[in-house]
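Examination of the molecular architecture
The chain contents come next:
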Amino acid sequence: RISLFDYRLTDPTQTQTFVGLENYIRAFQDPTVLISLQNTLIYVAGTVSVELLLGLGLALLFSPETKLAQFIRSFLLIPMALPPLVVGLVWKSLYNADFGVIPYYLKQLGFEVGSGPLGEISTAMPAVMLIDVWQWTPLLMVIFLAGLKSLPQEPYEAAYVDGASRWQSFIYLTLPLLKPTFLIAFLLRTVQSFKVFDTIYATTAGGPGQATTVLNYHIYTVGLTFFDMGYAAALA
């Protein structure tokens, strides 16, 4: 309903003027919306694909029920327990061009860090995506571990008898049998990645320029920085 009105929180009378679909037409003509949507899709595609691969790799690596594997699995789950806002603030300090640990070692290796990974247009988005990968890959590891533990053993025994190698068993048995698990992991992380806001808010505030402005952050800026609630509701 609000999206159909010109509703601004800065108006002391808070009068609402009916504008019909004007806010929606404005959204399709707003270049920032297209940029933020593009950034969101890049963020989702990059983080989800990397997390799927790393999650499966870690699940395969630590699937044996040894005490060491169990300890490492538990240790890897720690990032999931932290609020995204806290994670963003911690990584922002790690990325700091002046006193951050990451730029320091990059300089030691001969790289030019400039304003830091979060301060350069070319590196800001990958730097933010790395934070997401660090925090949420363990979730996919847990999902894939559950999928691996639930696989039937009879096909593997038959493949072993027929002389199949471990690689062939992985390609022709494990991957096809894990398709439902892949689907669940893909859907969960895709939905979560589309909702990204906390990390962007804590690290780059959509910058530098509009390099990391995702759709949720643009909606926040329109609605709670410029107080144009009608247009923000249409974007949402």
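Our structure's up above, just so we're on the same page.
Worth saying up front: this structure is predicted, and the values here are computed from it rather than measured.

Next up on the list: a nonpolar patch on the surface. Taken together, the side chains of L68, F71, F75, I78, L82 and W134 make up a nonpolar region of the molecular surface, amounting to roughly 630 Å² of accessible area. Among the elements that make up the nonpolar patch, the one with the highest residue count is helix α3 (residues 67–76) (3 residues). Within the element layout of this structure, F71 appears in helix α3.

A separate point is the pattern of salt bridges. Tallied over the entire structure, the rule returns 7 salt bridges. Measuring nitrogen to oxygen at the nearest pair gives 3.4 Å for the salt bridge that ties R8 to D6. Given a relative accessible area of 35%, R8 falls into the partly exposed group. In this structure D6 comes out as partly exposed when scored by relative accessible area, which is 32%. One network of salt bridges, in which partners are shared, links D6, R8, R26 and D228.

Moving on, we come to helix α6 (residues 121–149). Note: α-helices contain 3.6 residues per turn, so residues at a spacing of three or four share the same orientation. End to end, α6 covers 43 Å across 29 residues, agreeing with the expected 42 Å (1.5 Å per residue, within 8%). Of all the bends in α6, the greatest, near 40°, is centred on W136, and the proline P138 appears no more than four residues after it.

Another aspect to go through is the nonpolar core. Within the largest apolar cluster, 17 residues are counted, with the highest numbers of intra-cluster contacts made by L52, A59, L140, F144 and A185. Counting residues per element, the ones that place at least two in this core are α2 (31–61) and α6. Top contributing element to this core by residue count: α6, with 8 residues. With residues near it in sequence (within four places) discarded, A185 still touches L52, L140, I143 and F144. One finds L118, M125, A127 and I131 within the second-largest nonpolar core, a separate group that totals 14 residues.

Tracing the sequence through the fold places T203 in helix α10 (residues 198–203). Of the residues examined, T203 reaches a relative accessible area of 7% and is grouped as buried. In this structure the side chain of T203 is engaged in a polar contact, spanning 2.6 Å, whose partner is the backbone oxygen of T199. Once residues within four sequence positions are removed from consideration, T203 is found in contact with G88, K92, L118, V128 and I131.

This part takes up the packing of helix α8 (residues 166–177) against helix α9 (residues 179–194). It is the contact of α8 with α9, at a shortest axis distance of 4 Å, that shows an interaxial angle of 50°. With respect to each other, α8 and α9 are oriented oblique. Residues L175, P176 and L177 of α8 pack against K179, P180 and F182 of α9. A breakdown of the residues in the contact of α8 with α9 according to their chemical character gives 5 nonpolar, no polar and 1 charged.

So, on to the environment of V222. The topology assignment puts V222 in helix α11 (residues 215–224). For the pair V222 and L235, spaced 13 residues apart in the sequence, the C-alpha separation amounts to 9.1 Å. Sequence-distant contacts of V222, that is, excluding residues within four places in its chain, are made with F227, D228, Y231, A232 and L235.

Time to look at the packing of aromatic side chains. Within a pair of aromatic rings, the relevant descriptors are the distance that separates the centres and the angle that separates the planes. Enumeration over the complete set of coordinates arrives at 12 aromatic pairs. Judged by centre distance (5.6 Å) and plane angle (25°), the rings of F197 and Y201 are stacked. Every member of this aromatic cluster is reached through a ring pair, and the members are F197, Y201, Y217 and Y220.

A few words now on the environment of Y217. The topology assignment puts Y217 in helix α11. Placed 20 residues apart in sequence, Y217 and F197 show a C-alpha to C-alpha distance of 5.9 Å. In this structure, Y217 is in contact with F197, I200, Y201, A205 and G206, ignoring residues within four places of it in sequence. A polar contact is formed between the side chain of Y217 and the backbone oxygen of A205, at a distance of 3.5 Å.

Turning our eyes to something else, we now look at the layout of surface pockets. One number sums up the size of the largest pocket: a volume of about 480 Å³. If you go around the largest pocket, you meet 14 residues; those closest to its centre are L60, Y156, R166, S169 and T174. Listing elements by their share of the lining of the largest pocket, those giving two or more residues are α6, α7 (154–161) and α8. The greatest single-element share of the lining of the largest pocket, amounting to 4 residues, is contributed by α8. Here the residues of the lining of the largest pocket sort into 7 nonpolar, 5 polar and 2 charged.

Rules behind the numbers
- Residues numbered from 1 in each chain as written.
- Predicted model: local features only at pLDDT ≥ 70, side-chain atom pairs only at ≥ 80, totals over all residues.
- Heavy atoms only, no water.
- Patch = residues over 30% accessible without salt bridge, like charges linked within 9 Å, V, L, I, M, F, W, Y side chains within 5 Å.
- Areas by Shrake-Rupley, 256 points an atom, 1.4 Å probe, with all protein chains shown as cover.
- Salt bridge = Lys/Arg side-chain N within 4 Å of Asp/Glu carboxyl O.
- Helix = DSSP H or I, 4+ residues; strand = E, 2+ residues; numbered from the N terminus.
- Buried < 20%, exposed > 50% of the residue type's maximum accessible area, 1.4 Å probe, protein only.
- Expected span 1.5 Å × (residues − 1).
- Bend = angle between axes of the 7 residues up to and from the residue.
- Core = buried A, V, L, I, M, F, W, Y, C linked by side-chain atoms within 4.5 Å.
- Contact = heavy atoms within 4.5 Å.
- Polar contact = N/O pair within 3.5 Å; in protein donor to acceptor, adjacent residues only side chain to side chain.
- Axes fitted to C-alpha atoms, helices over the stretch in contact; angles between N-to-C directions.
- Parallel < 35°, antiparallel > 145°, perpendicular 65-115°, else oblique.
- Nonpolar A, V, L, I, M, F, W, Y, C, P; charged D, E, K, R; others polar.
- Phe/Tyr/Trp six-rings, centres within 6.5 Å; stacked < 30°, edge-to-face > 60°.
- 1 Å grid on protein atoms, 1.4 Å probe; cavity = no way out; pocket = protein on both sides within 12 Å on 5 of 7 lines; lining within 4 Å.
- Points joined across faces, edges and corners; volume = space filled by probe spheres on them.

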